Amino acid sequence: MIIKDAVCPFCGCLCDDIEVTVDDGKIVAVDNACTLGNHKFLGDHRLPGPIRRDGDTWKDIRYDEAVEYAVDMLLEADRPLLYGWSGTHGEAQCVGVHMAELLRGVIDNTSSVCHGPSILAIQEVGHPGCTLGQVKNRADLLIYWGCNPIDAHPRHLSRYTRYADGFFLENAFRDRKVIVVDVRKTETTNLADEFVQIQPGADYAVLSALRAIARGKGDALPRTVGGVPREQLVRIVDLCKKAKFGAVYFGLGLTMTRGKYKNIRNAIELVDELSRHTKFTISAMRGHYNVYGSNEVNTWMTGYPFGIDFSRGIAFYNPGETTAVDILARKECDACLIVASDPGAHFPRACIKHLADIPVVQIDPYANATTAFCDVQIPVAVTGIDAEGTAYRMDGVPIRTRKVLSTGYPSDEEILGRIYARIQEVRQP
Amino acid sequence: MSEMLIKNAFVIDPLNGINGEVMDIAIRDGKIVEAVGDAAEVIDARRNLTLPGGVDSHTHICGTKVNFGRYMSPEDMRAGRTPRRGHMHATSGYSVPTTYGNSYRYSAMGYTTLLEGAMAPLEARHTHEEFSYTPLQDTMANALFDGNWSVLEAVRDGDTKRVAAVIAWVLSAVKGFAVKLTNPGGTEAWGWGENVDCIQKPIANFEVSPAEIIRTIVEANELLHLPHSVHLHCNNLGKPGNYTCTMGTFGLIPDLNKKRQTLYATHVQYHAYGGSGWNDFCSKSEPIANMVNMRPQIAIDMGQVMFGKTTTMTADGPMEFNLYRLHHDKWSNHDVELETGSGIIPVLYRRKNLVNSVMWAIGLELALLVDDPWRCLLTTDNPNGAPFVRYPEIIALLMSKRYREEELATVHPDTEHRVPLPAIDRELDWHDIAVMTRAAQAKALGIVDIGKGHLAPGADADVAIYPIRVDETDPSVDYRRVIDAFSRTEYTIKRGRVVCRSGECVVDGNNTTIWVKPKVSPEYDMGKDPDFIRKFDRYYTVRMRNYPVQDEYLKRNLCIETEAEL
Ligand code: SF4
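Rules and cut-offs
Residues numbered from 1 in each chain as written. Chains lettered and ligands numbered in written order. Predicted model: local features only at pLDDT ≥ 70, side-chain atom pairs only at ≥ 80, totals over all residues. Heavy atoms only, no water. UniProt positions renumbered as here; feature names shortened; annotations may be inferred. Helix = DSSP H or I, 4+ residues; strand = E, 2+ residues; numbered from the N terminus. Buried < 20%, exposed > 50% of the residue type's maximum accessible area, 1.4 Å probe, protein only. Pairing = 2+ DSSP bridges. Near = heavy atom within 4 Å. Nonpolar A, V, L, I, M, F, W, Y, C, P; charged D, E, K, R; others polar. Contact = heavy atoms within 4.5 Å. Salt bridge = Lys/Arg side-chain N within 4 Å of Asp/Glu carboxyl O. Axes fitted to C-alpha atoms, helices over the stretch in contact; angles between N-to-C directions. Buried area = accessible area lost by both parts, 1.4 Å probe. Polar contact = N/O pair within 3.5 Å; in protein donor to acceptor, adjacent residues only side chain to side chain. Arc of directions from axis to C-beta. Domains from an automatic or database assignment. Parallel < 35°, antiparallel > 145°, perpendicular 65-115°, else oblique. Left-handed = near helix turned anticlockwise from the far one by under 90°. Phe/Tyr/Trp six-rings, centres within 6.5 Å; stacked < 30°, edge-to-face > 60°. Lys NZ or Arg CZ within 6 Å of the ring centre and 35° of its normal.

Observations concerning the UniProt feature "domain: Amidohydrolase" (unreviewed entry) in chain B
The positions that UniProt labels "domain: Amidohydrolase" (unreviewed entry) are, in the present scheme, residues 41-499 of chain B. Helix and strand shares over residues 41-499 of chain B are 35% and 17% respectively, and the end C-alpha atoms of the span are 14 Å apart.

Put into structure tokens, the structure is as follows:
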């Protein structure tokens, strides 16, 4: 059986033109996806069923027992943390928010360690953006800043930018200029018409210089800024102003380097300045296929995109205080439910150490670095493969991922729904 | 079978010609009926004002742009936080509350049906997801067609039937309710950072003028026999002197429908400006209201501005950028491929500001100068003019000249030289208010036949009982009591269940989404049209098969099927 127009559940590009061939209850071929997507569709090594730590080993348990464990853990906790959510569908995220509210816990998602700074910047100055098709059809100038789409979002260039012909660009490769700004050469910089190599940590200075030039104050600049010759900066602003439609995409190279959210703020303000001359937009390269969705869900339900603390009964938001890393580093939380993410591979050591000291339940199809310190792991279906649900593309377009396979694994929504129902029985009889 | 009897209700039900009769209302299984048995649950309305549930025919409560309004504004979220309590979830936000916040606050004010004013078809799924977390009201959404390429091309080719066919396909696909045009032509021009000026000049690449777009789509809308008319946000919003453009637009509209208006012009306050710049900015509510009075094919909503903080959001991207350049706070913009755009900025309307004061006056003037309350609906274009929680104050301002005078004394002193408001003596009565907040809204939306906006047997049992005795209240003097009463019902009843009691929402609710599906002949089925499919595949970034909103997103829903003349 061939399933057409399936949606790839790997990165924020959320490519929805994948062809999956299923034979005898297994995926045997995947067309159109990049290697990352292929790997996700064809990957196995799933846990067969829930496991519970038993001294130094694991023992298999039933789903009922696993749910029971999670319920008890959460009900006993004073300050539970519900973390992750990027690799699952919106319907499951909604249950998570309701659960956090009822438990008076903290709910946070992986954006607090990736594009959290971008969100803080947007909360200060806004966000002039657009959908990816707007770029594909119109943009004659692209800037990739602090990101390497060839490795992280492999089809971004072919579906939306460098190689994507559009309504107003019949030959995109010829008619569209691509500028790449990075601290080092990457696969992506090789494709650039203009590669701007900046010194590590100099993004803020370079953005400020570009803004100054755009405002006609370039004369005040030194000969080089952040390792970039003034002439190149002037040339770039010139290209930007001459473009009919410019689009900036930025990644963790801008959000997680020195300056953090201030870098993004500066980049947005540059786009704002350029918008007075021509059409310009800016967007974040969101990582997980549905990390943006968890920001959206949290926002319509609580008012805030991440790091929400319900301990006061109301939704309280103060990134740096109510975000997962901070709560763990302060050893505040006494139980943690991790859903569809792998903090074990990304969090600072001190946080992981605390996680190892408290009860942790992980809901995830695969064993990963977090498995090493969780007490119970509950394997679930993979949204987009054996479960369906809503995901938000990096530009905010919601897409329903398809179920291409039946495996019998419960979905995240199902497991979370069961945990929530039990918690409701106790807390909201 | 569930039965309820509301006794001793002081009923105003304009669609059924009831104006202040003390009577009982019987309800069975969510519908109004003639009579119920003795076992029915009884609610004593104690002669309090009892109206059909409120209908808001233009608000922004759900969807990409609304959610982005929340996302970018933690300060607004802090401004309205309530804890979880009983059946009520925690809420946040003042001008753009969370979905639960919207639903609870509207319910406390007696509103049971809401129309989301602008949904980008490509992102419709988001609106429907939020609808499922807006439990206490029935919901529906206008789909945006202002910059839809297939529509623009068909308009250019003079092919009205094809325009209708595209609209039919998109509305059914995205489970939309009606056609919204926001700054037609202008949103496409904004794709290049441009805008249109007024309605005659064609836009680049598509060579169609706003006037052609509006006229053709108005005709196409009627070919589809849609319940609602075209819902138009005119060009040139917010610009001094724009009233001529508004008048020109109104002049384009033929009278094509016996049952309702042919054009719903929204937030007309923002389109009734005189002057050549901000220095001689003034009200032109009089010519606009006169034009509406003379043309029964047009209904408008006020778009009332109230002083204080709010968030503006609209598909009119270029307008928001201009406004941002005046306000310098923060600016978000989101263009949607092949379809439309949007912008968001926070705004503070100040009494001390002359322009803001004039804007405040214009909304009220429109409501007082349009003779027929059935054709001027009470809205703020929530949250653009003000959050909907300000409706009770607007009601009081319309009912009391004294209140208006007291307010006028606090605004910018030059205002009185620029607006006719001080000279207007009219005070609206309870019936007018009932018309402007529910009966006329239901009629304008074309949902009377499905049981909205009235209380005759067969209608949905959506009822609002306000804690105020009409026979003991003189609204022109006791306007504070009017404000209090309209702020919080004694009971809000939705589909025969008490959902809110004195501001406290008492059930989880289970809303209905209302959408339309025009039936067209096979030759006008765009889903099979090779050219339409080819363009879709080439230019959208979502596959055509993944575009329609799946049934999973519609929980309870009501599909209105129409027989199109195609
Ligand atoms: S680019 Fe991203 S979404 Fe597209 S196929 Fe590759 S991993 Fe999947």
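That shown, we press on.
Here's the deal with the pairing of strand 10 (residues 177-182) of chain A
Residue and element names in this part refer to chain A. In terms of burial, strand 10 is largely enclosed, as five of its six residues are buried. Pairing of strand 9 (residues 141-145) with strand 10 involves five bridges; the strand directions are parallel. Following the sheet pairing, Tyr144 is matched in strand 10 by Val180. Bridge analysis of strand 10 against strand 11 (residues 194-197) gives four bridges, and the strand direction is parallel. Note on strand 11: the bridge partner recorded for Val180 is Phe195.

With respect to the site of the ligand
As a matter of local geometry, the ligand sits amid Cys8, Phe10, Cys11, Cys13, Leu14, Cys15, Ala33, Cys34, Leu36, Gly37, Pro154 and Arg155 of chain A. Residue composition of the shell around the ligand, grouped by class: 10 nonpolar, one polar and one charged.

Description of the environment of Arg330 of chain A
Residues and elements named next belong to chain A. In this structure, Arg330 sits in the loop between helix 14 (324-329) and strand 18 (335-339). A sequence separation of 20 residues divides Arg330 from Ala350, and the C-alpha atoms of the two residues are 9.2 Å apart. Among all residues touching Arg330, those that are not within four sequence positions of it are Gly320 and Glu321.

Section: the pattern of salt bridges
Residue and element names in this part refer to chain A. Evaluated as defined, the whole model comprises 63 salt bridges over all chains. In this structure, the salt-bridge partner of Arg159 is Asp16, at a minimum N-O distance of 3.4 Å. Pair noted here: Arg159 is in helix 7 (residues 156-159) and Asp16 is in the loop between strand 1 (2-6) and strand 2 (18-23), with a separation of 143 residues, a long-range link. Accessibility assignment for this pair places Arg159 and Asp16 in one class, buried. Measuring nitrogen to oxygen at the nearest pair gives 2.6 Å for the salt bridge that ties Asp64 to Arg418. Of this pair, Asp64 sits in helix 2 (residues 63-76) while Arg418 sits in helix 17 (residues 412-427), and the two are 354 residues apart along the sequence. Take Asp64: its relative accessible area is 44%, and that puts it in the partly exposed class. You can call Arg418 partly exposed: its relative accessible area is 30%.

Thoughts on the sheet that holds strand 17 (residues 343-349) of chain B
Read across the open sheet, the four strands follow the order 8(A)-16(B)-17(B)-15(B); overall the sheet is mixed. The open sheet has two edge strands, strand 8 (128-130) of chain A together with strand 15 (308-314) of chain B, and neither has a second partner. Between one strand axis and the next, the sheet turns by 25° as a mean value, whatever way the strands run. Its contacts with the sheet put helix 1 (residues 64-71) of chain B on strand 15, strand 16 (332-335) and strand 17 of chain B, and the angle it makes with strand 15 of chain B is roughly 140°.

Section: the interface of chain A and chain B
Across the boundary between the two partners, chain A contributes 69 residues, which contact 60 residues of chain B. Carbon and sulfur atoms supply 52% of the area buried between chain A and chain B, which totals about 5,600 Å² over both sides. The interface formed by chain A and chain B contains five salt bridges. Here Arg393 of chain A ties to Glu337 of chain B by a salt bridge, and the two come within 3.9 Å at their closest N and O atoms. Put simply, chain A and chain B have 37 residue pairs in polar contact (both at pLDDT 80 or more) between them. Across the side of chain A that touches chain B, the residue classes break down as 28 nonpolar, 20 polar and 21 charged. As judged from the three bridges shared by strand 8 of chain A and strand 16 of chain B, these two strands associate in the parallel manner. Considered in strand 16 of chain B, the bridge of Cys130 of chain A is made with Asp335 of chain B.

Side note on helix 17 (residues 530-539) of chain B
Among the residues making up helix 17 of chain B, those that are buried are Phe532, Lys535, Phe536 and Tyr539 of chain B. The arc that holds the buried residues of helix 17 of chain B, viewed along the axis, is 100°, so those residues lie on one side. Among the structural elements, helix 5 (132-138) of chain A together with helix 5 (149-156) and helix 6 (160-174) of chain B are those in contact with the buried residues of helix 17 of chain B.

What about the domain arrangement of chain A?
Residues and elements named next belong to chain A. On domain assignment, one finds that chain A holds domain 1 (47-112 + 289-427) and domain 2 (115-284). Residue-level contacts link 11 residues of domain 1 with 13 residues of domain 2. Counting each side, the surface lost to burial between domain 1 and domain 2 is near 880 Å², with a carbon and sulfur contribution of 65%. If you sort the residues of domain 1 by the area they bury against domain 2, Arg393, Met394 and Asp395 come out on top, with a joint share of 51%. Our count for the contact surface shared by domain 1 and domain 2 stands at zero salt bridges. Linking domain 1 with domain 2 are four residue pairs in polar contact (both at pLDDT 80 or more), by the criterion used here. Here the side of domain 1 that touches domain 2 is built from residues that sort into six nonpolar, three polar and two charged.

So, helix 5 of chain B
Here helix 5 of chain B lies mainly inside the structure; seven of its eight residues are buried. For helix 5 of chain B, the set of buried residues is Trp149, Ser150, Val151, Leu152, Glu153, Ala154 and Val155 of chain B. Buried-residue contacts for helix 5 of chain B involve helix 5 of chain A together with helix 6, helix 7 (186-190), helix 8 (210-223) and helix 17 of chain B. Capping the start of helix 5 of chain B is the job of one residue whose side-chain oxygen sits 3.0 Å from the backbone nitrogen of Ser150 of chain B: Asn148 of chain B. Just past helix 5 of chain B, the residue Gly158 of chain B takes up positive phi, approximately 70°.

Comments concerning the packing of helix 9 (residues 203-214) of chain A against helix 12 (residues 261-274) of chain A
In a packed pair of helices, the relevant descriptors are the angle between the two axes and the axis-to-axis distance. Residues and elements named next belong to chain A. Where helix 9 meets helix 12, the closest approach of the two axes is 9 Å, and the angle between their N-to-C directions is 15°. Put simply, helix 9 runs roughly parallel to helix 12. When the axes of helix 9 and helix 12 are compared, the crossing they make is left-handed. For the pair formed by helix 9 and helix 12, the contact residues are Asp203, Tyr204, Leu207, Ser208, Leu210, Arg211 and Ala214 on the first element and Lys262, Asn263, Asn266, Ala267, Glu269, Leu270, Glu273 and Leu274 on the second. Its residues placed into classes, the contact of helix 9 with helix 12 shows seven nonpolar, three polar and five charged.

Observations regarding the sheet that holds strand 1 of chain A
Across a sheet, strands are paired by hydrogen bonds formed along the backbone, either parallel or antiparallel in direction. Residues and elements named next belong to chain A. Here we have three strands laid out as an open sheet, ordered 1-2-3, and antiparallel in their pairing. Two strands bound the open sheet, and with one partner strand each, they are strand 1 and strand 3 (26-31). Geometrically, the sheet is characterised by an average inter-axis angle of 25° between neighbouring strands, direction not taken into account. Here three bridges tie strand 1 to strand 2, and the two strands are oriented antiparallel to one another. Residue pairing for strand 2: Ile2 is matched across the bridge by Thr21. Sitting on the sheet, helix 1 (residues 35-42) is in contact with strand 2 and strand 3, with an inclination near 165° to strand 3.

A short note on the packing of aromatic side chains
Tallied over the entire structure, the rule returns 38 aromatic pairs over all chains. Between Phe167 of chain A and Phe206 of chain B, the aromatic rings sit 6.0 Å apart at their centres with planes inclined by 5°, giving stacked as the arrangement. Here the residue Phe167 of chain A occupies a position in the loop between helix 7 and helix 8 (172-175), and Phe206 of chain B occupies one in the loop between helix 7 and helix 8, the pair thus bridging two chains. Classification of Phe206 of chain B as buried rests on a relative accessible area of 0%. Taking 4.8 Å as the distance between ring centres and 50° as the angle between the ring planes, the aromatic pair formed by Tyr466 of chain B and Phe486 of chain B counts as tilted. Linking Tyr466 of chain B in the loop between strand 19 (463-465) and helix 16 (479-487) with Phe486 of chain B in helix 16, this pair joins segments that are 20 residues apart in sequence. Per residue, the accessibility class of Tyr466 of chain B equals that of Phe486 of chain B, and both read buried. The cationic tip of Arg312 of chain A hangs over the ring face of Phe316 of chain A; the distance from NZ or CZ to the ring centre is 3.8 Å.

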